[in-house]
Amino acid sequence: MSKVYNFNAGPAILPQAVLERARAELLDYQGRGMSIMEMSHRSKEFEAINSGAEAAFKRLIGVGDDYRVLFVQGGASTQFAMLPMNFLPPGGAADYIVTGAWGEKAQEEASKFGRANIAASTKDSNYSRNPRADEITLSDDAAYVHLTSNETIQGVQFPAFPDVGAHPLVADMSSDILSRPIDASKFALIYAGAQKNLGPSGVTVVLIRQSWLDTAAKTPPTMLRYGTHAKNNSLYNTPPVFGVYMLNLVLEWIEENGGVEGMAARNEQKAAIIYQAIDGSNGFYRGHAAPADRSRMNVTFRLPSEALEKQFVAESVAANMVGLAGHRSVGGIRASIYNAMTPEGCQALAAFMGEFARKNG
Ligand SMILES: *Cc1c(COP(=O)(O)O)cnc(C)c1O
């Protein structure tokens, strides 16, 4: 079997070592004669995985017992609704800083529950940058301020987070969670679908400050209350056991490879390889994001024509690289280079880009 360089946006590449470990344990988990998928979620084996993943996530993101880690289902898209259901009070408001397609969806969903103000939007610059501090207008009565740390489709990432004063700050970190050190104590809630940087699809991680959780509405349906999952250590109902098992292996892999600092150093190096291929192409490749706001996770760029973009994708597949077509809504090329992507993969792509530009420029 020949492995490909996998630039898929999500579900996305997983660390090779994690896949090998999962394969080795698949048929017989710790001598139990069955796979982890076939065991009760109340078994001591799964309880150990569940609490191990919770503890590892806390260690990696750098929080203590004033935060809870929850594993839920429904993807980040369900969080778009669950957040306002729990924290946007009737007649209240929330502020959304919108820097791309996912933030737009989050804001639209919240507006079904109350006033979801657009505190800032960079839509008129085609979501190619983050707003400046003086472009963000927060409302006094905002129950929370929501942002998307990395916009997966446009390839725009916050290098540092805006100051929102005393308002609870909430972030969708689906596509850059644990890719770099952050000050998690600034956030009341962080959520991330696992399938970009943490594991397979099917499990969503929620980090929530306990004191904020205590203020959540008690009225939403049971499964859509953060409190239900917190009270039951994410075992209120049957959890996605295989997803949590894989998540735990990925967290172990991050810890064995230098933690978030190690990931950040490698991610900087990897992104630089591809951005250099863009910047050194004499304008053949045009990066979508403003240089200061460029994502280290999703590198987005255009070619001189759509025909050349089609040809680029076709030839990249022939060269064993998959997943490079941009999102259907924006076109162009997108290279997703999450934690598990190797520097060699980025070098292979940069070499391919150089060759393609030389032949077609
Ligand atoms: C992929 C993605 C989502 C959607 O995630 P689902 O798990 O498919 O619901 C939301 N936000 C961001 C930033 C994403 O990258």
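All figures in this text were calculated on a predicted structure; none of them were measured in a lab. (Residues numbered from 1 in each chain as written. Predicted model: local features only at pLDDT ≥ 70, side-chain atom pairs only at ≥ 80, totals over all residues. Heavy atoms only, no water.)

A.B. asks: Can you explain the nonpolar core? Please cite residues and give values.
C.D. replies: Counting residues in hydrophobic clusters, the biggest one holds 54 residues, and the most contacted among them are Phe 57, Ile 61, Ile 177, Leu 178, Leu 198, Leu 207 and Leu 251. The element best represented in this core is helix H7 (residues 241-256), accounting for 10 residues. What Leu 207 contacts, discounting residues up to four positions off in sequence, is Phe 57, Ile 61, Val 63, Tyr 67, Arg 68, Val 69, Ala 184, Ala 188, Leu 189 and Ile 190. Judged by nonpolar contacts, the second largest core, of 30 residues, contains Tyr 285, Leu 303, Leu 308 and Leu 324. (Core = buried A, V, L, I, M, F, W, Y, C linked by side-chain atoms within 4.5 Å. Buried < 20%, exposed > 50% of the residue type's maximum accessible area, 1.4 Å probe, protein only. Helix = DSSP H or I, 4+ residues; strand = E, 2+ residues; numbered from the N terminus. Contact = heavy atoms within 4.5 Å.)

A.B. asks: Which residues make up the sheet that holds strand E11 (residues 286-287), and what are the values?
C.D. replies: Spatially, 3 strands are ordered E11-E12-E14 in an open sheet, and the strand pairing comes out antiparallel. Edge positions in the sheet fall to E11 and strand E14 (333-336), since each has one partner strand and no second. Of the pairings in the sheet, the one linking strand E12 (residues 298-302) to E14 comprises 4 bridges and is antiparallel in character. Directly across from Val 299, in E14, lies its bridge partner Ala 335. (Pairing = 2+ DSSP bridges.)

A.B. asks: Hey, could you go over helix H2 (residues 44-61) for me, with residue numbers and the actual values?
C.D. replies: With 18 residues, H2 should cover 26 Å at 1.5 Å per step; its first-to-last C-alpha distance of 26 Å lies within 8% of that length. Buried within H2 are the following residues: Glu 45, Phe 46, Ile 49, Asn 50, Ala 53, Glu 54, Ala 56, Phe 57, Lys 58, Leu 60 and Ile 61. The secondary structure elements touched by the buried residues of H2 are strand E2 (67-72), strand E9 (189-193), strand E10 (204-209), H7 and helix H8 (259-279). Of the residues flanking the end of H2, it is Gly 62, one or two places downstream, whose phi is positive at about 85 degrees. (Expected span 1.5 Å × (residues − 1).)

A.B. asks: Summarise the pairing of E12; cite the residues concerned and give the values.
C.D. replies: Judged by how many residues are buried, E12 sits mostly within the fold: 4 of 5 residues are covered. Inspection of the sheet shows E11 paired to E12 by 2 bridges, in the antiparallel sense. Opposite Gly 287, over in E12, you have Phe 301 as the bridge partner.

A.B. asks: Pulling in residues and values, what's your account of the pattern of salt bridges?
C.D. replies: As enumerated under the stated definition, the model contains 17 salt bridges in all. With its nearest N and O atoms 2.9 Å apart, the salt bridge here joins Glu 25 to Arg 21. With a gap of 4 residues between them, Glu 25 and Arg 21 both fall in helix H1 (residues 16-25), about one helical turn apart. Its relative accessible area of 15% is what places Glu 25 among the buried residues. Exposure remark for Arg 21: the relative accessible area of 36% places this residue in the partly exposed category. (Salt bridge = Lys/Arg side-chain N within 4 Å of Asp/Glu carboxyl O.)

A.B. asks: How would you sum up the sheet that holds E10? Please name residues and give values.
C.D. replies: One open sheet accounts for 7 strands, arranged E2-E10-E9-E8-E5-E3-E4; its pairing is mixed. What marks the edges here is a single partner per strand, and that holds for E2 and strand E4 (115-121). This sheet shows a mean twist of 20 degrees between the axes of neighbouring strands, independent of strand direction. Where E9 lies against E10, 5 bridges are found, and the strand directions are antiparallel. Bridge pairing links Ala 192 to Val 205 in E10. Sheet contacts for H2: E2, E9 and E10; angle to E2, the most-contacted strand, approximately 130 degrees. (Axes fitted to C-alpha atoms, helices over the stretch in contact; angles between N-to-C directions.)

A.B. asks: If you had to explain the UniProt feature "binding site: L-glutamate" (unreviewed entry) in the protein chain to someone new, which residues and values would you point to?
C.D. replies: In the numbering used here, UniProt assigns the feature "binding site: L-glutamate" (unreviewed entry) to Arg 42. Its place among the elements puts Arg 42 in the loop between H1 and H2. Ignoring any residue separated from it by four or fewer positions in sequence, one finds Arg 42 in contact with Glu 47, Leu 235 and Tyr 236. (UniProt positions renumbered as here; feature names shortened; annotations may be inferred.)

A.B. asks: Quick one: what's the story with helix H4 (residues 101-110), residue by residue and with numbers?
C.D. replies: Helical geometry note: an α-helix holds 3.6 residues per turn, so side chains three or four residues apart project in the same direction. Buried within H4 we find Ala 101, Gly 103, Ala 106, Gln 107 and Ala 110. Against the buried residues of H4 lie helix H3 (75-87), strand E3 (93-98), E4, strand E5 (142-148), strand E6 (150-151) and E9.

A.B. asks: I'd like to hear about the packing of H8 against helix H10 (residues 343-360), residue by residue, with values.
C.D. replies: Two elements in contact, H8 and H10, have axes whose closest approach is 9 Å; the angle formed by their N-to-C orientations is 5 degrees. When the interaxial angle is binned, H8 and H10 end up roughly parallel. Note on element contacts: H10 touches H8 through Pro 343, Cys 346, Gln 347, Leu 349, Ala 350 and Met 353, opposite Arg 266, Gln 269, Lys 270, Ile 273, Ile 274, Ala 277 and Ile 278. For the contact of H8 with H10, the residue count by class is 9 nonpolar, 2 polar and 2 charged. (Parallel < 35°, antiparallel > 145°, perpendicular 65-115°, else oblique. Nonpolar A, V, L, I, M, F, W, Y, C, P; charged D, E, K, R; others polar.)

A.B. asks: For the domain arrangement of the protein chain, give the residues involved together with the corresponding values.
C.D. replies: Many analyses report the size of an interface as the accessible area lost when the parts associate. What the domain assignment lists for the protein chain is domain 1 (17-256) and domain 2 (259-360). Contact residues are listed per partner, giving 26 residues for domain 1 and 25 residues for domain 2. The contact between domain 1 and domain 2 buries some 2,000 Å² in all, and 56% of this surface belongs to carbon and sulfur atoms. Contact with domain 2 buries surface across domain 1, with Ile 153, Gln 157 and Trp 253 losing the most and accounting together for 25% of the total. For the interface between domain 1 and domain 2, the tally reads 0 salt bridges. Between the two partners, domain 1 and domain 2, sit 16 residue pairs in polar contact (both at pLDDT 80 or more). Among the secondary structure elements, those contributing two or more residues to the side of domain 1 that touches domain 2 are strand E7 (156-157) and H7. Across the side of domain 1 that touches domain 2, the residue classes break down as 10 nonpolar, 11 polar and 5 charged. (Domains from an automatic or database assignment. Buried area = accessible area lost by both parts, 1.4 Å probe. Polar contact = N/O pair within 3.5 Å; in protein donor to acceptor, adjacent residues only side chain to side chain.)

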